[in-house]
Structures are given as C-alpha cells and as structure tokens.
Amino acid sequence: MTNVDGPARTITVLGSVNMDLVTTTDTLPAPGETILGATFALTPGGKGANQAIAAARAGAEVEFIGAVGDDTFALELRETLVLNDVGTQYLREVEGPSGVAVISVDRTGENSIIVVPGANATVTDLSADELSAVGQADLLLCQLEVPLETVTAAASHARAQGTTVMLNPSPVQPLPPELLDVVDVLILNSIESAQLGPAVLAAVPHVVTTLGADGATYRGPNGEELVVRSLPVEAIDTTGAGDAFAGALAVAWEQGPERALTWACAAGAIATTRAGASTSLPTEEQIQAALTLSAHS
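Here the structure is a predicted model, which means the values were calculated and not measured.

Caption draft 1: Highlighting the UniProt feature "active site" (unreviewed entry) in the protein chain. UniProt records the feature "active site" (unreviewed entry) at Asp243, using the numbering of this structure. Of note is the side chain of Asp243, whose polar atom sits 3.0 Å from the side chain of Asn50.

Caption draft 2: View of the UniProt feature "binding site: ATP" (unreviewed entry) in the protein chain. With numbering aligned to this structure, UniProt lists the feature "binding site: ATP" (unreviewed entry) at Asn189, Thr210, Leu211, Gly212, Ala213, Asp214, Gly215, Gly242 and Asp243. The residue Gly215 is located in the loop between strand S11 (206-210) and strand S12 (216-219) in this model. Ignoring sequence-local partners within four residues, the contact set of Gly215 consists of Thr209, Thr210, Val228, Arg229, Ser230 and Cys265. A residue is classified by how much of its surface remains accessible, and Asp243, at 4% relative accessible area, is buried. The residues contacting Asp243, other than those within four sequence positions of it, are Lys47, Asn50, Gln51, Ala54 and Leu281.

Caption draft 3: Inspection of the nonpolar core at higher detail. Ranked by size, the top nonpolar core spans 54 residues in total, and within it Ile11, Val62, Met166, Leu249, Trp253 and Ile287 carry the most contacts. It is helix H9 (residues 257-271) that provides the largest number of residues to this core, a total of ten residues. Grouped together as the second largest cluster of nonpolar side chains are 32 residues, Val146, Leu148, Ala155 and Leu179 included.

Definitions and cut-offs
Residue numbering note: each chain is counted from 1, following its sequence as written. The predicted origin of the model limits local features to residues at a pLDDT of at least 70 and limits the giving and counting of side-chain atom pairs to 80 or more, whereas totals for whole chains, interfaces and linings rest on all residues. Side-chain metrics in this entry use all non-hydrogen atoms of the structure; hydrogen atoms and water are not considered. UniProt positions are given in the numbering used here, feature names are shortened, and annotations may be inferred rather than shown by experiment. In the analysis that follows, any N or O atom pair within 3.5 Å is treated as a polar contact, provided that within protein one partner can donate a hydrogen and the other can accept it, and provided that, for residues neighboring in sequence, both atoms belong to side chains. Each helix corresponds to a stretch of at least 4 residues labelled H or I by DSSP, and each strand to a stretch of at least 2 residues labelled E; elements are numbered beginning at the N terminus. Residues count as neighbours in contact if any of their non-hydrogen atoms are within 4.5 Å of one another. Note on classification: 1.4 Å probe, protein chains only; a residue is buried when its accessible area is under 20% of the maximum for its type, exposed when over 50%, partly exposed between these limits. The term nonpolar core refers to a set of buried residues drawn from Ala, Val, Leu, Ile, Met, Phe, Trp, Tyr and Cys, joined through side-chain atoms within 4.5 Å.

The following block contains the structure:
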C-alpha cells in the first residue's frame, strides 16, 4: 500500500521545460576562474517538467502547460514528458530556442545553475482550454521559470475554481500581493525563505521549507509547526532533489502535512543518489520501499 491511497490525484503543472547542460567538476569555479571538468551530459530538465515528472512517477495524473522551441532539443523534451506519463496536449511549440540550463556539479553533489528561459518566456497568457485544465485539477503546481504574470493568472483561476495552489518560488523574485493572496502552499529552501522574508511567508497559510540533508519543516495556518527528517543517503548529485520533493509533496498533500512531508523527503533523498535532474526522480514504488526499509532499520 502506498502513501497516496485511493484514486490518483490530478495535478496540472504550469512551468518550464529545459535541456540541462550538465558538467561535473572537483570544485565549482570561483568568479573569473577556469577549471577542467570531468564529464558532460545533455539531460532533459526544467523545474516545471521535473516537478511534473516527479508527480507522475509518484502516482498522480499530470497535465503540463509550457513551451518548447523549434530547435533540436524540442522533440527530446516533449518525448521525455510523454515517456513519463505526463500529458503534453498543452505543451506549445514556438519559434526560437528551447530553454536551457547550464549546471555544474562538484564532487560533493553541490551544484550551481544558470537558466536561459528561451521558449519558456513566451508563455505570457493562457488559453481557455489551459485554464480549464487548471480549474479541473485537484492541485496546481507552479514555479517561477515562466512569466510571473502567467503564474498569477493561473493561480487566481485555480483559487476561483477550488483548486489547491502550490508554488515553488524559484528562482526567487518579489511576489505580488495578488499572487500571495491565492497561494495555499509555498515550497522553498532556506535561502529562498531568507530572501523573501517573514512578511511574505506569513501571507501564505502553509509554508514548507526544505533543509537539504536535514529534511524539511512545515508551518501551518494556525502557527502549528512540524519537522520531518530526511532519509540517510550518500548524495552524489543534488540537482533534481528539490523538484523530486515538490512533485511528491503535491501528490501526497491531501494526506496531511506530516505524511506529505515524509513522502516528499524520501523522494528528495532518493533523487540525490542519482545523477541528473529528470533522470533522478523516483517512482511511487521506490519511495514507498525506501520508507518501509527506513521504518525497519
């Protein structure tokens, strides 16, 4: 029996899809420094696509709203979503390059990332069919690698239709009041939390803060607090861990904060044991197996 008993959750993800250009090095370069890398790989990614795949693998029915370009990356990006059972009827193809992310990973698994939006920046409005996909879902999951105005419009429509709104505010930028007013759950790391500040966090009823290897914390609408520890693993690459966490949290959210954070922490921990972003995301069965093993150890 999995952590997400019953009918599959329906989740619509509005977000980015990128090709990740990943290099591995002993240490990350300092400003102005040139170093030799060890390996290079092209891996489909993007926060939106990664979280959509994470949610699908964790047991949800997922539709994805986003855009690819007309370049050589576009077909592989679309195929990656399809092969992971993510719906792509709302994945647009536009003129110009697809989004790319340049990622460097050091020997400890830490990373630095530069994202060039490309086609993702063209998602400046939503069609009636796309808004319908938002309104009919149990949960809308967004990040900030597509235009903020589009995220706000989707979240506002979701709230009006009774769809839970979950936002991963990354990369961090100022959040307008009209968006904060309709977000139910904020997922962010400790750096992003500090950058947004306590006033912003206080405006959202449910706040989940990831702490890397230390797990995650939760603060509820009445000030209730919860800490969930991560599973002990040997990390090799943290690139997809936050997205694994967010997708799994979205799937398990209706089960309550403690169960959802436990499920998400397990997913994030497993992702750090594998290289790449979308390639590191665990399945529902793998998450449950890891939790079962931990409970008996």
